[in-house]
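# Commentary on secondary and tertiary structure
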Amino acid sequence: MSSGSSEFLTKFETKSNRVKGLSFHPRRPWIVASLHNGVIQLWDYRMGTLLDRFEEHEGPVRGVNFHKVQPLLVSGGDDYKIKVWNYKLRRCLFTLLGHLDYIRTVQFHHEYPWIVSSSDDQTVRLWDWQQRSCLSVLTGHNHYVMSVQFHPKDDLIVSASLDQTVRVWDVSGLKKKSVGGGSDDHHPAEGAPKIGADLFGSTDTAVKYLLEGHDRGVNWASFHHTLPLIVSGADDRQVKLWRMNDSKAWEVDTLRGHVNNVSSVMFHPKQELIISNSEDKSIRVWDMSKRTGVQTFRREQDRFWILAVHPDQSLLAAGHDSGMIVFKLERERPAFTLNEGGTSAAQLLYIKDRYVRMYEPGSGRDIPLLSIRRASGPSGVPRALAYNEAERALLLCTDAEGGSYELYQIPRDASRGASEAPDSKRGLGLAAVFVARNRFAVLDKSRQILVKNLSNEVTKKLAPPHAATDLIFYAGTGMLLCRAEDKVTLFDLQQKRAMGELTCPNVKYVVWASDMKHFALLSKHAVVLGRRDAQKLEHLATVHETIRVKSGVWEEGSTKAFIYTTLNHVKFCLSQGDSGIIRTLDAPVYLTKVMGNKLFCLDREGSTITLSIDKTEFQFKTALIERNYDEVLKIIKRSKLCGQSIIGYLQKKGFPEVALQFVKDEKTRFNLAIECGNIEVALASATSLDDKDCWQKLGVEALRQGNHQIVEMAYQKTKDFERLSFLYLITGNTEKLAKMLRIAEMRGDVMGRFHNALYLGDVNERVKVLKEQGQLALAYVTAATHGLSDQASEIEALLPEDVKAQVKLTPGAGLLFPPTPIFRDNNWPLLRVSKGYFDGPVQSAGGEG
């Protein structure tokens with residue numbers, strides 16, 4: 001690719017004050033940025049969140065760096081201070097003083113307890129951060145020292161200065177002196193004064209090479225991570241490459257292209273590339289071997305000041321006038337396609353190292369099929385792969401020339417080993433997919449759909465359903481899914497019309513289930529499951545993710561469960577909307593197939609790997625949705641599913657009887673049993689708990705079900721005498737009512753006695769209660785009305801004359817008796833409670849059925 005302007009894969013972007021310093025964390029997805037306003041920001045670039053701010057510097061902070069293993073970061077600013085921070089404790093541990101002017105860069109040594117710093121005071125200083133002291137001052141530059149860096153392996157330091165030179169310093173003498181006797185030296189402080197004494201004129205550090213060649217001040221110099229190379233960038237707008245050996249260093253080449261001062265320049269951690277940025281508002285990528293520009297990224301307004309490369313991943317970051325960006329130069333997702341193959345076992349076709357390879361997940365066989373030509377530069381990376389088994393044809397899509405495809409024919413004997421790259425048929429297009437045995441569709445740059453035969457000749461030209469269509473996906477024979485803005489449309493190529501539409505933001509991949517009716521749409525932060533009916537697309541479920549979605553596959557032989565990966569998790573999504581985590585990941589992987597408890601994936605290097613997964617949770621949830629209770633019971637018996645989350649889930653979804661299977665805690669068992677009407681388990685739990693509240697709840701549920709024997713027990717346990725008496729009345733249990741009468745008398749419960757006497761039709765007792773309570777008039781009326789003449793005349797004699805005059809008996813009054821019960825013994829089935837599938841096993845654990 002020419003060095004024309006292009007887009008990088010931006011992974012994260014911030015808006016802030018000018019960013020002057022950047023450093024990636026070696027293990028966590030963090031980046032620290034130091035700003036021109038004195039603030040240091042700690043970002044999680046995966047989640048896109050600001051984790052912390054450190055604000056103790058006065059004025060711009062130009063240098064910042066993470067320690068390789070300790071929870072430390074170091075910063076240097078225009079206040080002449082170097083500060084060492086513990087980001088776990090979220091505070092500054094100490095400040096190193098000594099520089100006499102602005103500090104430009106700071107860096108931790110990867111092994112020794114050292115910090116190196118460069119400053120406008122024309123010196124480089126080495127510090128021992130454990131002793132909190134200055135080890136050495138490196139003098140020799142006669143202008144501002146703009147950058148300094150440790151060699152990744154050797155005892156060397158490279159510094160760049162506005163005096164137009166790059167210096168390489170040998171610090172092996174200092175290492176012997178301060179680190180060499182480290183393990184035996186229990187009193188390192190004793191050596192400190194001596195080090196202080198020979199700071200200037202020290203022989204511990206010496207200039208090994210002086211690199212001269214730039215015409216203006218040098219802003220940056222970096223070592224290569226493995227090769228004896230140095231790259232430098234300067235105000236003369238040039239990037240220079242230098243090589244060194246044991247005795248000398250020399251200029252190899254000059255890279256020209258920037259039109260303003262080069263601010264920062266580094267080697268790519270994994271590829272033979274140099275990355276530079278400049279005040280000309282551009283980042284440039286150079287091919288190290290060809291020494292030519294291969295890619296340029298420009299901003300409209302912002303000058304670039306700093307670059308950082310991740311030590312292990314292909315991530316870069318750049319700081320500019322209004323924030324920073326974390327980016328990649330090219331996609332790391334390998335192009336692959338899975339051929340389920342009607343005739344043969346499943347085959348994964350994928351691209352690795354310029355070969356199309358075939359891997360059989362079942363047998364583990366992995367062979368190269370054919371070699372392919374690949375355009376140089378990031379745009380030549382294959383983006384998508386489509387395979388037509390019937391014709392052994394392969395479509396390869398790349399971003400080269402703004403979007404292109406290549407059509408290969410795989411030779412019949414290719415399975416014996418890779419053949420040379422056959423002639424491929426090429427064409428331009430944003431996307432290309434097979435749509436029939438001998439046809440494929442191309443979305444060309446004018447947004448027209450071209451149907452071509454395998455000779456690459458156009459047989460049909462169609463307008464897509466939306467003018468904004470920018471990507472097409474396979475959707476079965478003669479059908480396409482067309483992406484336009486935030487929706488996908490099912491398009492029939494024969495009828496030339498849209499069949500259905502579904503909203504989903506910026507779909508990147510479509511994964512079809514084996515029935516070719518269910519599909520998953522993957523976008524950057526969402527997974528949408530849907531189903532295709534004859535004339536429409538139906539939405540089933542959507543899961544939103546904060547971390548990027550990477551890949552997905554349908555569960556083997558299922559249309560209910562979809563397994564997908566984010567940057568750091570394997571997750572599942574069920575077609576009715578449930579989702580969860582299956583396992584965590586150390587590094588991103590791309591799922592290709594599920595077989596049993598094995599997940600077959602590709603990593604970013606294009607290597608096939610197999611992960612073991614525990615599918616219990618989503619199999620359990622799928623079985624519940626399908627009401628496959630045999631499977632549910634089987635999973636309960638063999639698995640370790642437990643905890644509040646699964647119980648809460650079952651309750652929320654209306655499966656309390658299933659939740660009972662998991663619960664040992666009696667209180668939870670009782671509540672679940674009441675919820676699902678399992679009265680026997682509830683009784684067993686209530687008996688065990690013997691809690692008044694539980695007995696009360698049990699009484700209510702038992703009464704609802706018409707189980708008056710358990711109601712009686714519950715009322716007895718709660719000593720609810722009124723309810724108990726009424727229960728005996730409605731169930732016709734006169735013996736127990738008589739007992740209740742005696743109990744009320746013993747308890748001195750007057751109203752209880754009266755009510756029980758009323759329920760029993762015991763007039764003598766009612767008269768007695770009224771007489772005892774001084775209600776003589778009522779006692780007389782009751783006795784006289786019910787024919788107790790002896791008692792009536794006794795009471796009458798006691799009545800005062802004025803009361804006698806008021807008492808009038810109602811003629812023809814009769815005795816009030818409760819109705820005689822017809823049905824006495826068994827429970828009354830007032831409510832039919834059907835036994836669920838799970839009631840049997842629970843009862844055997846919880847009580848008599």
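Residues numbered from 1 in each chain as written. Predicted model: local features only at pLDDT ≥ 70, side-chain atom pairs only at ≥ 80, totals over all residues. Heavy atoms only, no water.

## What to know about helix α13 (residues 750–760)
Note: α-helices contain 3.6 residues per turn, so residues at a spacing of three or four share the same orientation. Using the following cut-off: Each residue is placed in one exposure class: buried if its accessible area under a 1.4 Å probe, protein chains only, is under 20% of its type's maximum, exposed if it is over 50%, and partly exposed if it falls in between. Going along the chain from the N terminus, every DSSP run of H or I of four or more residues is numbered as a helix, and every run of E of two or more is numbered as a strand. Arc definition: directions from the helix axis to the C-beta atoms. Two residues form a contact once any of their heavy atoms are found within 4.5 Å. For the purposes of these results, a polar contact is taken to be a pair of N or O atoms within 3.5 Å, where, inside protein, one atom must be able to donate a hydrogen and its partner to accept one; residues adjacent in sequence count only when each atom of the pair is a side-chain atom.
When α13 is considered as a whole, its buried residues turn out to be Gly-752, Arg-753, Asn-756, Ala-757, Tyr-759 and Leu-760. Here the buried residues of α13 occupy an arc of 160° about the axis, which is enough to place them on one side. Packing partners of the buried residues in α13 comprise α11 (721–730), α12 (734–747) and α14 (763–772). Taking the backbone nitrogen of Met-751 as reference, a side-chain oxygen 3.5 Å away marks Asp-749 as the first, capping residue of α13. Phi turns positive, to about 75°, at Gly-761, one or two residues after α13.

## Section: the confidence of the model for the protein chain
To keep things clear, this is the line we draw: pLDDT measures the predictor's confidence residue by residue and takes values from 0 up to 100.
Considering every residue of the protein chain, the mean pLDDT works out to 83; 86% of them sit at 70 or more. In the predicted structure, residues 1–5 sits below a pLDDT of 50 and forms 15 contacts with residues beyond four places in sequence or in another chain. In this model, residues 841–849 is a region of pLDDT below 50 whose contacts with residues beyond four sequence positions or in other chains number 18 contacts.

## A few points about the sheet that holds strand β5 (residues 49–54)
Stated precisely, the cut-off is as follows: A pair of strands is labelled paired if DSSP reports no fewer than 2 bridges between them. Whenever a helix is involved, its axis is fitted only over the stretch in contact; in every case the axis is a line through C-alpha atoms, and angles between N-to-C directions fall within 0 to 180 degrees.
Spatially, the 4 strands line up as an open sheet ordered β2-β3-β4-β5, and their pairing is antiparallel. Among the strands making up the open sheet, the edge pair consists of β2 (19–24) and β5. Pairwise comparison of adjacent strand axes, ignoring direction, gives a mean angle of 20° for this sheet. Of the strand pairs in this sheet, β2 and strand β3 (residues 30–35) are connected by 5 bridges, and their pairing is antiparallel. Across the sheet, Val-19 pairs through a bridge with Leu-35, a residue of β3.

## Let's talk about the packing of α14 against helix α16 (residues 789–798)
Going by this rule: For classification, angles of less than 35 degrees are called roughly parallel, those exceeding 145 degrees roughly antiparallel, those between 65 and 115 degrees roughly perpendicular, and all remaining angles oblique. Put simply, Ala, Val, Leu, Ile, Met, Phe, Trp, Tyr, Cys and Pro go in the nonpolar bin, Asp, Glu, Lys and Arg in the charged bin, and everything else, Gly too, in the polar bin.
At their nearest, the axes of α14 and α16 sit 12 Å apart, and the two run at 10° to each other. Considering their axes alone, α14 and α16 lie roughly parallel with respect to each other. Between α14, through Asn-764, Val-767 and Lys-771, and α16, the contact on the second element is made entirely by Gln-791, Glu-794 and Ile-795. When the residues that make up the contact of α14 with α16 are grouped by side-chain class, the tally is 2 nonpolar, 2 polar and 2 charged.

## Description of the nonpolar core
It is characteristic of soluble globular proteins that their nonpolar side chains tend to be buried jointly. Here is the rule: Note on terminology: a nonpolar core comprises buried Ala, Val, Leu, Ile, Met, Phe, Trp, Tyr and Cys residues joined through side-chain atoms within 4.5 Å.
With 43 residues, the main nonpolar core has Leu-22, Ile-31, Ile-274, Ile-283, Met-324 and Val-326 as its most contacted residues. Those residues in contact with Leu-22, other than ones at most four positions away along the chain, are Ile-31, Val-32, Ala-33, Val-64, Ile-306, Ala-308, Ala-317, Ala-318, Gly-319 and Met-324. Of all hydrophobic cores here, the second largest spans 31 residues; its members include Val-451, Leu-481, Cys-482 and Leu-502.

## Observations regarding the pairing of strand β55 (residues 608–612)
Regular strands place side chains that alternate from one sheet face to the opposite one. Of the pairings in the sheet, the one linking strand β54 (residues 598–602) to β55 comprises 5 bridges and is antiparallel in character. Of the residues in β55, the one forming a bridge with Phe-600 is Thr-610. In textbook terms, the turn of a hairpin is the stretch between consecutive antiparallel strands, and for β54 and β55 this stretch comprises 5 residues, one of which, Gly-606, has a positive phi near 80°.

## Description of helix α3 (residues 616–625)
Burial of α3 is extensive: 7 of the 10 residues sit out of reach of the surface. Listing the buried residues of α3 in full gives Thr-616, Phe-618, Phe-620, Lys-621, Thr-622, Ala-623 and Leu-624. Downstream of α3 by a residue or two, Arg-627 has a phi angle that is positive, lying close to 55°.

## A short note on the pattern of salt bridges
Stated precisely, the cut-off is as follows: A pair is scored as a salt bridge if a Lys or Arg side-chain nitrogen falls within 4 Å of a carboxyl oxygen belonging to Asp or Glu.
Scanning the model with the defined rule gives 27 salt bridges in all. With its nearest N and O atoms 3.3 Å apart, the salt bridge here joins Glu-55 to Arg-53. The network of salt bridges with common partners includes Glu-13, Lys-15, Arg-299 and Asp-302.

## Overview of the sheet that holds strand β23 (residues 273–278)
Pairing is antiparallel across the open sheet formed by 4 strands, whose spatial order is β22-β23-β24-β25. Either end of the sheet is taken by a strand with one partner, and the two such strands are β22 (262–267) and β25 (292–298). Pairs of neighbouring strands in the sheet enclose a mean axial angle of 20°, with direction left out of account. Pairing geometry for strand β24 (residues 282–287) and β25, over 6 bridges, is antiparallel. Note that in β25 the partner of Ile-283 across the bridge is Phe-297.

## Looking at the packing of aromatic side chains
Rule in force here: By convention, a stacked pair of Phe, Tyr or Trp rings (six-membered ring in the case of Trp) has centres within 6.5 Å and planes under 30 degrees apart, an edge-to-face pair has planes over 60 apart, and any other such pair is tilted. Any Lys NZ or Arg CZ found within 6 Å of a ring centre and within 35 degrees of that ring's normal is scored as a charge over the ring.
Applying the stated criterion to the full structure yields 14 aromatic pairs. An angle of 80° between the planes, with centres 5.5 Å apart, marks the rings of Trp-30 and Tyr-87 as edge-to-face. Of this pair, Trp-30 sits in strand β3 while Tyr-87 sits in the loop between β8 (81–86) and β9 (91–97), and the two are 57 residues apart along the sequence. Residue class for Trp-30 comes out buried when judged on its relative accessible area of 14%. Measuring from centroid to centroid gives 6.4 Å for Tyr-359 and Phe-600, while their planes differ by 55°, and the two rings are tilted. Taken as a pair, Tyr-359 in strand β31 (residues 355–359) and Phe-600 in strand β54 lie far apart in primary sequence, 241 residues in all. For the pair formed by Tyr-359 and Phe-600, the shared burial category is buried. It is Lys-20 that lies over the ring of Trp-305; its NZ or CZ is 3.9 Å from the centre. Sitting over the face of the ring of Tyr-509, Arg-333 holds its NZ or CZ atom 3.7 Å from the ring centroid.

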